[in-house]
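Here is how the chains run, residue by residue.
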6 protein chains.
Amino acid sequence: MSAVFLENLDSESYAQFLSREGSTVIIPTGATEQHGPHLPLGVDAMLSRAIAAEVARQVGALVAPEFSYGYKSQPRSGGGNHRLGTTSLGAAALTGMIDDVVSSFIDQGACNVIVLNGHFENYQFLYEGLDNAVARAGRQGSGSRGVLMSYWDFVDEHTLAQVFPDGFLGWDIEHGGVLETSLMLLLHPELVDMDRVVDHPPAVLTPYDIFPEDPGRTPASGCLSSAKGATAARGRLLLEAISGAITTSLHIELQPTFPIGVK
Amino acid sequence: MSAVFLENLDSESYAQFLSREGSTVIIPTGATEQHGPHLPLGVDAMLSRAIAAEVARQVGALVAPEFSYGYKSQPRSGGGNHRLGTTSLGAAALTGMIDDVVSSFIDQGACNVIVLNGHFENYQFLYEGLDNAVARAGRQGSGSRGVLMSYWDFVDEHTLAQVFPDGFLGWDIEHGGVLETSLMLLLHPELVDMDRVVDHPPAVLTPYDIFPEDPGRTPASGCLSSAKGATAARGRLLLEAISGAITTSLHIELQPTFPIGVK
Amino acid sequence: MSAVFLENLDSESYAQFLSREGSTVIIPTGATEQHGPHLPLGVDAMLSRAIAAEVARQVGALVAPEFSYGYKSQPRSGGGNHRLGTTSLGAAALTGMIDDVVSSFIDQGACNVIVLNGHFENYQFLYEGLDNAVARAGRQGSGSRGVLMSYWDFVDEHTLAQVFPDGFLGWDIEHGGVLETSLMLLLHPELVDMDRVVDHPPAVLTPYDIFPEDPGRTPASGCLSSAKGATAARGRLLLEAISGAITTSLHIELQPTFPIGVK
Amino acid sequence: MSAVFLENLDSESYAQFLSREGSTVIIPTGATEQHGPHLPLGVDAMLSRAIAAEVARQVGALVAPEFSYGYKSQPRSGGGNHRLGTTSLGAAALTGMIDDVVSSFIDQGACNVIVLNGHFENYQFLYEGLDNAVARAGRQGSGSRGVLMSYWDFVDEHTLAQVFPDGFLGWDIEHGGVLETSLMLLLHPELVDMDRVVDHPPAVLTPYDIFPEDPGRTPASGCLSSAKGATAARGRLLLEAISGAITTSLHIELQPTFPIGVK
Amino acid sequence: MSAVFLENLDSESYAQFLSREGSTVIIPTGATEQHGPHLPLGVDAMLSRAIAAEVARQVGALVAPEFSYGYKSQPRSGGGNHRLGTTSLGAAALTGMIDDVVSSFIDQGACNVIVLNGHFENYQFLYEGLDNAVARAGRQGSGSRGVLMSYWDFVDEHTLAQVFPDGFLGWDIEHGGVLETSLMLLLHPELVDMDRVVDHPPAVLTPYDIFPEDPGRTPASGCLSSAKGATAARGRLLLEAISGAITTSLHIELQPTFPIGVK
Amino acid sequence: MSAVFLENLDSESYAQFLSREGSTVIIPTGATEQHGPHLPLGVDAMLSRAIAAEVARQVGALVAPEFSYGYKSQPRSGGGNHRLGTTSLGAAALTGMIDDVVSSFIDQGACNVIVLNGHFENYQFLYEGLDNAVARAGRQGSGSRGVLMSYWDFVDEHTLAQVFPDGFLGWDIEHGGVLETSLMLLLHPELVDMDRVVDHPPAVLTPYDIFPEDPGRTPASGCLSSAKGATAARGRLLLEAISGAITTSLHIELQPTFPIGVK
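Everything quoted here is computed from the prediction, not taken from an experiment.

A word on the arrangement of the chains. The two units chain A and chain E remain apart, with a minimum C-alpha distance of 16 Å. When C-alpha atoms are compared, chain B and chain F, though not in contact, are closest at a spacing of 16 Å.

Dropping the structure here:
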């Protein structure tokens, strides 16, 4: 399994990988963010890394070192940046970082660079960095392609119905909920303490943000819904649905050969 | 009506406004972006400005000059930045601009600064700028409050059912669709040409972005769904629902007095 | 008249406009800045927009949405940034904004991009953004041209003599004075209150700036001279002189065809 | 062992940790950089993380997620940024990232933040970010302390003599050499292939840099000296010397209590 | 004379200087810019440094090392950035530099920091940096004062009449003309070659800028007017008028004591 | 001698210089930094400028105006940024400045741009700026070359033995020590006061940095070792060794002709 992780390869093996047609690198992005009393702070990075590895095996890609820090947690999707354990980047640092890393991979010859996001708040800043990097490379003659995706956008209706038999209430309250906890129970069960899962009703979120945030507007637990229904079996359903759907998409989108105009 | 627009006030009247308890300024943000053959390029700024004016009258606020340019249009919500007529800002300029303008209002004594967004892609960059401005002001002793909202997040289920009697398919495909066209028919009918409304099925969007964008992935019309069902009457339903719901929220959130710690 | 405003066009009409030889876009820039008790805060943006429209009609150009916020008001030309009603951008935001918008127009095929400035303090920051945008585009093969101008630089001696029969004392004290007030009386008379025009002598300005500014160094009225002599007739003289002279200059400078090397 | 890694803690345990006097977080920083044919690309991050964990156990600290990407590899210390496998950040992204992460830890109450560097080229950019973060926090009343160190600066003369019995030739040529290989043999032997260790003489480096780099100026292997002398036993000597010396230094420098002036 | 230059002082003498009430530092700013065939490239920095020294002697200040590089030369005031010998900074670097240097002086206790500009194009960027530095320091309790001035703004009418007996045509065409050449003949005669002074009529400048610049719009000599009338005697008149007027202004503006609120 | 200084040349002579094959510009960089009671604040800039002039004469180059301000002084090499007289730039300003100036020289046709550093703390930030400038120019077709060096890296063992007959203790403690003082005694004896040389033992430096700095960790004198052994004769040995070695290196590295691909 470790063979899909780029950081474990020596430089000669990596050079051979890059010399192949359609070489693809996947960059998982997460966050260091509180996920309630039953989950560890690194959930977002752990899950995006694990899903990236599963997809990498299926499409013959490599997984780059994950981004362990993400954009500021927002109350409407993650509990808020004020909660202890949430250690965040601002927009400029996150955008600059993805721009530099993607540019570096493209410069060295990667045909496809996939950014697989695991922290909702990151998406637009990753978009800006990836757009800038690919556009700049394109102006210099590169034909490399970028793809940006968040893993939960690949959960299909059928899987949702199985994982949430009582009805799915929306991704916004899934922070620390059934989705993430089920995946963690499958992938890192030693880091989950189901005895400490909260049992409060789903958070009622406002359709707006206020500054400075009022901590009383989201549950003190840091979870936006209860993960009582989480199981490793549901985690497996989710992992298979997600990695399968991403793989299908990538088979459509990845450039299978060297890009036209490549150096 | 022009009395709610800050740019129409003389400086003495504005100074009096700022000297009142709970003084509130609303900044509408939009974009310059193609909206298909039947709508003008300025739709997003026009709508956020009009809704802001309606809300301002109800809560006693002033409307600041709107942001006419927005973040890059993205295919999954706006047709894409490659379409002619779409003239955009990058992340740094948009974030810097909102930060400076909000800081300027807070420095001069505004108790509440509301950013009312009318272009989906703007949200996270506005969040960053508003968060930075309010946090910086707070560290210097200001107690002013910021609020960030997108107007479509205030359309309730009942209104949705009336406006979309055949079923609502999601906000992502509403670019150039029934929502925006109905509001424009109400507010700026002279700028709408219903004879040129497209009649193709809703766009099928991928749950990911690719770079560089492939223009063939979204409809050539620039609309993500048909606006055939748009009417001024539906525009009125929407405007009343939205401005009413925003007003209700602001009555809860606005600081009615001078903030504690104000200079 | 609204036909010269880009935001009022649909995307197909705009695409046709861009497809013509010598297509020209004019970006008016202003400020949100106090202009004394008799003028509204939006004077600078209103005037640059109106003059741009007049010029656009004469040269067959379109007027882009104006920049409503400008660089910090300075005491030697505008009363100072400390006066209530003055809501400003810093240098980086203004420069970044003009760079992004100009780049966006050039990328989409505009042959000429004119920036028509209506706020003295903006000029150098607009210069930096426009220079960077055109130079970058040029390195990528674009032959598009940029032009930067402030409208008062086009008032000829003869017109000055008519508008200021008692002698012209210099542009630096014209903030809130006869020039701006006359143009506003012509273009937006409903926003001018001549009963409230100040009647103090022209401000005596130092040939230097101090930081932090001492508010006592400029008149408390916010005007740097009296607008008693302002009339709509003088506004017409000014508008015709300015728009005529700008049109003459643009006939010399605008590229009448597609630029060499255009994509 | 996993108990020292912050990302494995739940938010309540982490909050308890932060509530203790003298709470200390260590941020390991590395790079994604070729290290010759016998070592993996992730050496710098792996070693700084492992040493940080060892130190954390001894001083009761937590290890934050490591920085897996570092500043551009330079020929005089790392073989050069042009070699395949070297995926780097520019100065602004690295500095911005450490500034944001350190600020985030200080804001949440960490009394001491240690940055433990494992990639030579990072040092000055980490210095800038850490200096800015601590200075800014200090101006806002924080008394938190930062410490910046590179692990090899803690190898004493006695250990050097044991690890390099034939004489130590300088840190500059240790890229992919005996130091890093010995530590990897101890900590990640499964990722080292001693059969592929190069056997060429130490690189002869110029006392200057040229731009653009000439790849012929450093060995094609990517190593600046041979790691033939590397053994796990020497790795243990190094690890013990380094972690011991760092621990001794931290016992002197760490604030054992809440900083004066803490919120 | 060298005693007024800060770089020539030892640290103890400098510390004593800073410990006095009303301590004042003057930062001269110039450019590296062609000034025609008869003047050296460093004119702007040389003149601002010399004038700063003269003023420093009169007000008891120190002269900091001059800024030898300035903002891009513009055709309407300096011949244009395309001319050989003109080596320039962009806006961000110049603004960042003055901000950092002024902040550094204020942090170390300077009561007054004067920026004396010798290159027209610099002014607004120096304004931004100085404004930011003083405002930031002020928010942290500093009462230090900044002053920004360009030396030619202190030439009085009487002196003008003596130096330009045939009439003064405006500062904009003085690049490489009588003003600068006279001052150089007084201060650095060995660097002036009057045999090579151009003898063409004053440049006819447009009231706007175009991008990219057309080199044919300004004289090929690089001078905007002839310096035939320059003499060292006129240089002395200018130097005395300028330094006298600046000294008078500074006696009004400088804080003679430690600022209120100083640390 | 003044003929090697670019600022003393007129534009026509400079244009001739640039038109020659292999034209080379050397940019000296220093700092404004305390160097103890016996040396002036400008030592670093003075020495790099003087050495650059010596090298320029030997290789036929020009010396550009020196950078008089440098990166923050660090305790491990310069005494620390807190000491009075140390007036510093942050990373972004220094990097931006070198990037702009080098880009400007390359744009105007310089075949080689050498940055000769005289302040230890500058190196990495100069590297970033120079790397970015040369890489950007290279992508646009330039073949110009950059070289970055610190002068002390060219002192050979033999010279060291002569200058430090009692043994050389390392460059890190040479701040204000024998090296700099000897060179100053040779080049600017009027600015050195040997009666005030400190006589304390070499500073004992920690192998790490702490933030905020504790001023008690370095000698109050501001010197990291005693300069008692400094003489002008040793200064001559150093100057000759350094300029000779740099000249030898430049003869190897400088492009003797126009770069391939030059405009």
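Let us look at the pairing of strand β1 (residues 24-29) of chain C. Residue and element names in this part refer to chain C. By the criterion of burial, β1 is predominantly enclosed, with 6 of the 6 residues buried. A two-sided burial pattern is seen for β1, the buried positions comprising T24, I26 and P28 on one face and V25, I27 and T29 on the other. Inspection of the sheet shows β1 paired to strand β2 (residues 62-63) by 2 bridges, in the parallel sense. Directly across from V25, in β2, lies its bridge partner L62. In the classification by handedness, the crossover that spans β1, the intervening helix α2 (residues 43-59) and the parallel β2 is right-handed.

Let's shift gears to the relation of the copies chain E and chain F. When chain E is fitted to chain F, the residual RMSD is 0.0 Å, and the transformation amounts to a turn of 180° plus an axial shift of 0.0 Å. Taken together, the turn and the small shift mark the pair as related by a two-fold rotation axis. Considering only C-alpha atoms, the part of chain E nearest the rotation axis is A93 of chain E, at 2.6 Å. Residue by residue, 100% of the interface of chain E is reproduced at the interface of chain F, so both copies engage with the same surface.

On the chain F side, the residues contacting the 47 residues of chain E number 47 residues. Between chain E and chain F lies a buried interface of about 3400 Å² when both sides are counted; carbon and sulfur atoms form 59% of it. Of all residues in chain E, Y69, L84 and Q108 of chain E give up the largest surface area on contact with chain F, accounting jointly for 17% of the area buried on that side. On inspection of chain E and its partner chain F, the count reaches 4 salt bridges. Looking at the side of chain E that touches chain F, the elements that each hand over two or more residues are α1 (11-18), β4 (88-89) and α4 (91-107) of chain E. The dominant element in the side of chain E that touches chain F, judged by the number of residues it contributes, is α4 of chain E, at 7 residues. Grouping the constituent residues of the side of chain E that touches chain F by class yields 22 nonpolar, 18 polar and 7 charged.

With that settled, consider the interface of chain D and chain A. The interface of chain D with chain A comprises 47 residues on the first partner and 47 residues on the second. With both chains or domains summed, chain D and chain A bury close to 3400 Å², and 59% of this area falls on carbon and sulfur atoms. Three residues, Y69, L84 and Q108 of chain D, lead the burial of chain D against chain A; their summed loss comes to 17% of the area buried on that side. Where chain D touches chain A, the interface holds 4 salt bridges. Linking E12 of chain A and R196 of chain D is a salt bridge whose minimum nitrogen-to-oxygen distance equals 2.7 Å. The interface formed by chain D and chain A contains 24 residue pairs in polar contact (both at pLDDT 80 or more). Of all elements in the fold, only α1 (11-18), β4 (88-89) and α4 (91-107) of chain D reach the threshold of two or more residues within the side of chain D that touches chain A. Among the elements that line the side of chain D that touches chain A, the one with the most residues is α4 of chain D, at 7 residues. Of the residues in the side of chain D that touches chain A, the class split is 22 nonpolar, 18 polar and 7 charged.

One pass over the full model with this rule turns up 63 aromatic pairs over all chains. Relative to W152 of chain E, the ring of Y151 of chain E lies with its centre 5.1 Å away and its plane at 70°, an arrangement referred to as edge-to-face. Residue classification places Y151 of chain E among the buried positions, given a relative accessible area of 1%. Residue classification places W152 of chain E among the buried positions, given a relative accessible area of 10%. In this structure an aromatic cluster arises from ring pairing among Y71, F125, Y127 and F211 of chain A together with Y71, F125, Y127 and F211 of chain B. The cationic tip of R49 of chain B hangs over the ring face of F5 of chain B; the distance from NZ or CZ to the ring centre is 3.7 Å.

Further remarks concern the sheet that holds strand β4 (residues 145-150) of chain C. Taken in spatial order, the 5 strands of this open sheet run β2(C)-β1(C)-β3(C)-β4(C)-β7(E), and their pairing is mixed. In this open sheet, the two strands that pair with only one neighbour each are β2 of chain C together with β7 (208-211) of chain E. Relative to β7 of chain E, β4 of chain C runs antiparallel, the two being bridged by 4 bridges. Paired with G146 of chain C across the bridge in β7 of chain E is F211 of chain E. Against the sheet, α2 of chain C makes contact with β1, β2 and β3 (112-117) of chain C, and its axis sits at roughly 160° relative to β1 of chain C, the strand it touches most.

All right, on to the confidence of the model for chain A then. Averaged over every residue, the pLDDT of chain A is 95; residues scoring 70 or more account for 98%. Here the predicted complex scores 0.97 on pTM and 0.96 on ipTM.

In this section: the side chain of H119 of chain B. Residue and element names in this part refer to chain B. Tracing the backbone through its elements, the reader meets H119 in the loop between β5 (112-117) and α5 (123-139). With a relative accessible area of 2%, H119 lands in the buried category. At 2.9 Å, the side chain of H119 and the side chain of D44 are in polar contact.

With 22 residues, helix α8 (residues 232-253) of chain E extends 31 Å between its outermost C-alpha atoms, agreeing within 8% with the 32 Å of an ideal straight helix rising 1.5 Å per residue. For α8 of chain E, the full list of buried residues reads G235, L238, L239, A241, I242, S243, I246, T247, S249, L250 and E253 of chain E. In this structure, the buried residues of α8 of chain E make contact with β5 (208-211) of chain C together with α2 (43-59), β5 (112-117), β6 (145-150), α6 (157-163) and α7 (178-187) of chain E.

Before going further, it helps to spend a moment on the sheet that holds strand β3 (residues 112-117) of chain F. Sheet strands associate in pairs through backbone hydrogen bonding, adopting either a parallel or an antiparallel arrangement. Pairing is mixed in the open sheet, where 5 strands are placed in the order β7(D)-β4(F)-β3(F)-β1(F)-β2(F). Single-partner strands in this sheet number two, and they are β7 (208-211) of chain D together with β2 (62-63) of chain F. Note: strand β1 (residues 24-29) of chain F against β3 of chain F, 6 bridges, orientation parallel. Counted as the bridge partner of T24 of chain F is N112 of chain F from β3 of chain F. Packed on one face of the sheet, helix α8 (residues 232-253) of chain F meets β7 of chain D together with β3 and β4 (145-150) of chain F and runs near 160° to β4 of chain F.

Moving on, we get to the packing of α4 of chain E against helix α4 (residues 91-107) of chain F. Packed helices, taken two at a time, are described by their axes: the angle between them and the distance between them. Two numbers describe how α4 of chain E lies on α4 of chain F: the axes approach to 8 Å, and their chain directions differ by 140°. Here α4 of chain E lies oblique to α4 of chain F, going by the angle between them. Our pair here, α4 of chain E against α4 of chain F, has a crossing hand that is left-handed. Touching A93, G96, M97 and D100 of chain E of α4 of chain E are A93, G96, M97 and D100 of chain F, all from α4 of chain F. Its residues assigned to classes, the contact of α4 of chain E with α4 of chain F comprises 4 nonpolar, 2 polar and 2 charged.

Glancing now at helix α7 (residues 178-187) of chain A. For α7 of chain A, the buried fraction is high: 9 of the 10 residues fall into the buried class. Three or more residues of α7 of chain A are buried, namely V178, L179, E180, T181, S182, L183, M184, L185 and L186 of chain A.

Let's shift gears to unusual backbone geometry. In this structure, P212 of chain E follows F211 of chain E across a cis peptide bond, with omega equal to -5°. Position of P212 of chain E relative to the elements: it lies in the loop between β7 and α8.

What follows concerns the pattern of salt bridges. Under the counting rule described, the total for this entry stands at 84 salt bridges over all chains. For D10 of chain C, the salt bridge is made with R196 of chain B, and the minimal N-O distance between the two is 3.2 Å. Here D10 of chain C is found in the segment before α1 (11-18), whereas its partner R196 of chain B is found in the loop between α7 (178-187) and β7 (208-211) on a different chain. With a relative accessible area of 10%, D10 of chain C lands in the buried category. Overlapping salt bridges, with partners in common, bring together R145 and E253 of chain A together with E213 and R217 of chain B in one network.

Quick look at the pairing of β5 of chain B now. Note on strand geometry: in a regular strand, side chains alternate between the two faces of the sheet. Residue and element names in this part refer to chain B. Of all the 6 residues making up β5, 6 are buried; the element is thus mostly covered by neighbouring parts of the structure. With burial as the criterion, each face of β5 is covered, one bearing N112, I114 and L116 and the other bearing V113, V115 and N117. In terms of strand pairing, β5 meets strand β6 (residues 145-150) through 6 bridges, oriented parallel. When the sheet's bridge partners are listed, N112 is paired in β6 with R145. Read from β5 through α5 to β6, the crossover connection turns out right-handed.

About the cut-offs
Residues numbered from 1 in each chain as written. Chains lettered and ligands numbered in written order. Predicted model: local features only at pLDDT ≥ 70, side-chain atom pairs only at ≥ 80, totals over all residues. Heavy atoms only, no water. Contact = heavy atoms within 4.5 Å. Buried < 20%, exposed > 50% of the residue type's maximum accessible area, 1.4 Å probe, protein only. Helix = DSSP H or I, 4+ residues; strand = E, 2+ residues; numbered from the N terminus. Pairing = 2+ DSSP bridges. Right-handed = clockwise from strand over helix to strand, strands pointing away. Least-squares fit on C-alpha atoms with pLDDT ≥ 70 in both. Buried area = accessible area lost by both parts, 1.4 Å probe. Salt bridge = Lys/Arg side-chain N within 4 Å of Asp/Glu carboxyl O. Nonpolar A, V, L, I, M, F, W, Y, C, P; charged D, E, K, R; others polar. Polar contact = N/O pair within 3.5 Å; in protein donor to acceptor, adjacent residues only side chain to side chain. Phe/Tyr/Trp six-rings, centres within 6.5 Å; stacked < 30°, edge-to-face > 60°. Lys NZ or Arg CZ within 6 Å of the ring centre and 35° of its normal. Axes fitted to C-alpha atoms, helices over the stretch in contact; angles between N-to-C directions. pLDDT = per-residue confidence, 0-100. Expected span 1.5 Å × (residues − 1). Parallel < 35°, antiparallel > 145°, perpendicular 65-115°, else oblique. Left-handed = near helix turned anticlockwise from the far one by under 90°.

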